[in-house]
Amino acid sequence: MADPIVLGIESSCDETGIGVVQGTTLLAHQVATSVEEHARFGGVVPEIASRAHLESFVPTLDRALAESSLELSDIDAVAVTGGPGLIGALLVGSSGAKALAWSLDRPIYAVNHLVAHVTVDELEHGRLPEPMIALLVSGGHTSLMRVGNVIDDVETVGSTLDDAVGEAFDKVARLLGLPFPGGPSIDRAAQEGDPEAIAFPRALTAAKDQSQHRFNFSFSGLKTAVARWVEDRQRQGLDLPVADVAASFQQAAVDVLMMKTFDACDYFGISDLQIGGGVAANSALRASVEARALAAGVSVRIPSPHLCTDNGAMVAALGSKLARAGVPPNGLNFAVRSSLPTSSVVL
Ligand code: KG4
Ligand code: ZN
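Since the model is a prediction, treat every value here as computed from it, not as a measurement. (Residues numbered from 1 in each chain as written. Chains lettered and ligands numbered in written order. Predicted model: local features only at pLDDT ≥ 70, side-chain atom pairs only at ≥ 80, totals over all residues. Heavy atoms only, no water.)

Student: Can you explain the coordination of the zinc ion (ligand 2)? Please cite residues and give values.
Tutor: At the metal site, the zinc ion (ligand 2) is ligated by His113 (NE2), His117 (NE2), His141 (NE2) and Asp310 (OD), and these contacts range over 2.1 to 2.6 Å. If you look at the zinc ion (ligand 2), its four donor atoms make angles of 85 to 164 degrees with each other, and the shape they trace is irregular. On the primary sequence, the residues serving as donors to the zinc ion (ligand 2) are separated as H-x3-H-x23-H-x168-D. Taken together, the positions of His117 in helix H4 (residues 113-119) and His141 in the loop between strand S6 (132-137) and strand S7 (142-149) put the pair 24 residues apart, joining distant regions of the chain. (Donors = N, O, S within 2.8 Å, 3.2 Å for Na, K, Ca; no water. Tetrahedral: all angles 85-135°; square planar, octahedral: opposite > 155°, others 65-115°. Helix = DSSP H or I, 4+ residues; strand = E, 2+ residues; numbered from the N terminus.)

Student: Can you tell me about the pattern of salt bridges, naming the residues and giving the values?
Tutor: Applying the stated criterion across every chain, the model contains 14 salt bridges. Here Arg202 makes a salt bridge to Asp255, at a shortest N to O gap of 2.7 Å. Linking Arg202 in the loop between helix H7 (182-190) and helix H8 (210-213) with Asp255 in helix H10 (residues 242-268), this pair joins segments that are 53 residues apart in sequence. (Salt bridge = Lys/Arg side-chain N within 4 Å of Asp/Glu carboxyl O.)

Student: So what about the site of ligand 1? Which residues, and what values?
Tutor: Surrounding ligand 1, one finds 20 residues, the nearest of these being Gly139, Asp170, Gly183, Asp187 and Asn282. For ligand 1, an oxygen atom lies 3.1 Å from a polar atom in the backbone of Gly166. The contact in question runs from a nitrogen atom of ligand 1 to an N or O atom on the side chain of Asp187, over 2.9 Å. When ligand 1 is considered free in solution it has 550 Å² of accessible area, and contact with the protein chains removes 89% of it. Mapped by element, the contributors of at least two residues to the shell around ligand 1 are helix H6 (165-175) and H7. Broken down by element, the shell around ligand 1 gets its largest block of residues, four residues, from H7. Looking at side-chain class alone, the shell around ligand 1 contains six nonpolar, eleven polar and three charged residues. (Near = heavy atom within 4 Å. Polar contact = N/O pair within 3.5 Å; in protein donor to acceptor, adjacent residues only side chain to side chain. Areas by Shrake-Rupley, 256 points an atom, 1.4 Å probe, with all protein chains shown as cover. Nonpolar A, V, L, I, M, F, W, Y, C, P; charged D, E, K, R; others polar.)

Student: So what's going on with the environment of Val137? Residues and values would help.
Tutor: Inspection of the secondary structure puts Val137 in strand S6. For Val137, a relative accessible area of 0% gives the class buried. The spatial distance from the C-alpha of Val137 to the C-alpha of Ala280 is 6.5 Å, given a sequence separation of 143 residues. Among residues more than four places away in sequence, those in contact with Val137 are Thr142, Val165, Leu257, Ile275, Gly276, Gly277, Gly278, Val279 and Ala280. (Buried < 20%, exposed > 50% of the residue type's maximum accessible area, 1.4 Å probe, protein only. Contact = heavy atoms within 4.5 Å.)

Student: So, H7: which residues are in play, and what are the values?
Tutor: Extensive coverage of H7 is indicated by the burial of seven of its nine residues. Buried residues of H7: Gly182, Gly183, Ser185, Ile186, Asp187, Ala189 and Ala190, and no others. Where H7 is buried, its residues meet H6, H10 and helix H11 (283-296).

Student: Before we move on, can you summarise the sheet that holds strand S3 (residues 25-33) with the specific residues and values?
Tutor: Spatially, five strands are ordered S3-S2-S1-S4-S5 in an open sheet, and the strand pairing comes out mixed. The open sheet has two edge strands, S3 and strand S5 (108-112), and neither has a second partner. Pairwise comparison of adjacent strand axes, ignoring direction, gives a mean angle of 20 degrees for this sheet. Pairing of strand S2 (residues 15-22) with S3 involves eight bridges; the strand directions are antiparallel. Bridge assignment links Gly17 to a residue of S3, and that residue is Val31. Contacts between helix H13 (residues 312-324) and the sheet are confined to strand S1 (5-10), S2, S3, strand S4 (77-83) and S5, with S1 contributing the most and set at about 135 degrees to the helix. (Pairing = 2+ DSSP bridges. Axes fitted to C-alpha atoms, helices over the stretch in contact; angles between N-to-C directions.)

Student: Run through the packing of aromatic side chains, naming residues and quoting values.
Tutor: If you walk through the whole model with that rule in mind, you get five aromatic pairs. On the numbers, 5.9 Å between centres and 35 degrees between planes, the contact of Phe215 with Phe268 is tilted. Separated by 53 residues along the polypeptide, Phe215 in the loop between H8 and helix H9 (220-235) and Phe268 in helix H10 bring together distant segments of the chain. Among the residues examined, Phe215 registers a relative accessible area of 8% and is labelled buried. Given the relative accessible area of 27%, Phe268 is considered partly exposed. Consider the rings of Phe217 and Phe219, whose centres lie 6.1 Å apart with planes at 10 degrees: the pair is stacked. Residue Phe217 is classed as buried on the basis of its relative accessible area of 0%. Phe219 sits in the buried class, given a relative accessible area of 2%. (Phe/Tyr/Trp six-rings, centres within 6.5 Å; stacked < 30°, edge-to-face > 60°.)

Student: For the domain arrangement of the protein, give the residues involved together with the corresponding values.
Tutor: The domains assigned to the protein are domain 1 (5-120 + 311-324) and domain 2 (130-303). A separation of 27 Å is found between the C-alpha centroids of domain 1 and domain 2. Between domain 1 and domain 2, the residue contacts involve 16 residues of the former and 16 residues of the latter. Summed over both partners, the interface of domain 1 with domain 2 buries about 1300 Å², with 75% contributed by carbon and sulfur atoms. (Domains from an automatic or database assignment. Buried area = accessible area lost by both parts, 1.4 Å probe.)

Next comes the structure, spelled out in structure tokens:
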């Protein structure tokens with residue numbers, strides 16, 4: 001029998017993503033974002049995100065069906081993000097997904113958003129290497145995972161103790177008067193700056209942190225260090241060297257991410273690395289990962305930026321993988337969860 005056609009629905013944050021996947025072939029990939037509506041608040045406002053999902057759900061679904069030249073009745077299974085994420089936002093996506101699964105009488109999988117971020121790479125670069133280390137860096141997450149296989153062996157070995165790295169980019173951009181989302185603005189500003197101009201801290205990299213926090217991250221101290229530096233400068237009535245601050249902050253963040261990621265590859269004896277999430281688009285990160293991978297003999301896979309950021313194709317990719325492996329679906333009674341460990345690939 002041909003591989004099932006899986007509809008994937010993502011609504012955990014500010015993107016309404018609907019994708020269609022058959023096997024590992026991407027048939028449709030449509031995303032509506034509410035990022036503009038959050039811009040003046042400098043971060044995602046949950047209530048605004050939920051309402052935007054409600055408005056975007058049907059139009060995005062229609063575009064995905066048109067892109068794949070399919071009818072709803074052609075869909076064999078539905079997959080939806082079950083967590084982690086903003087609870088109201090998750091509820092909108094899961095309610096829509098349940099309604100579709102019920103009316104079409106199809107199985108439904110409620111899947112882990114973080115594991116979906118890892119699985120999406122299969123659509124672009126073929127079968128995932130097993131085992132691998134996966135680094136997920138976005139506005140909502142900073143996680144380092146050891147992936148035996150994405151179906152039932154995903155272990156989070158480290159994550160952030162406070163802000164996600166993308167959140168730190170967004171907050172620092174705001175301090176520097178750069179537009180939201182901050183990641184791309186900082187990336188651009190940093191092109192003209194000196195990454196060694198200011199020595200910002202690299203948190204949890206000291207010898208004393210190794211026993212408890214070897215693979216954990218902390219970015220709120222870095223953000224505060226930038227804020228203090230900016231305030232000092234302003235108090236002295238001096239101009240703000242925006243490009244140097246952006247480049248030095250970015251380098252500090254990237255250094256810590258890279259140090260810990262390659263340490264994890266070494267510690268677990270794994271030579272395949274995958275990086276996903278919005279921050280994977282960062283040019284300093286991409287340059288640094290290439291150089292380190294070459295030196296360490298590690299193969300790196302990074303999905304294209306449009307698949308790195310939140311989308312429905314990644315959810316469909318994981319749903320497809322689960323369906324093909326014969327994992328039993330969830331049924332309609334599942335409840336979405338705002339926090340969900342990666343050990344739960346399905347709810
Ligand atoms: O994966 P994503 O679209 O959404 C989630 O947060 O799940 O990631 C968005 C984050 C934002 O914080 C944004 O500032 C950051 O990714 N980002 C970047 C870059 N492009 C997006 N951060 C650093 N450099 C970039 N080029
Ligand atoms: Zn995400």
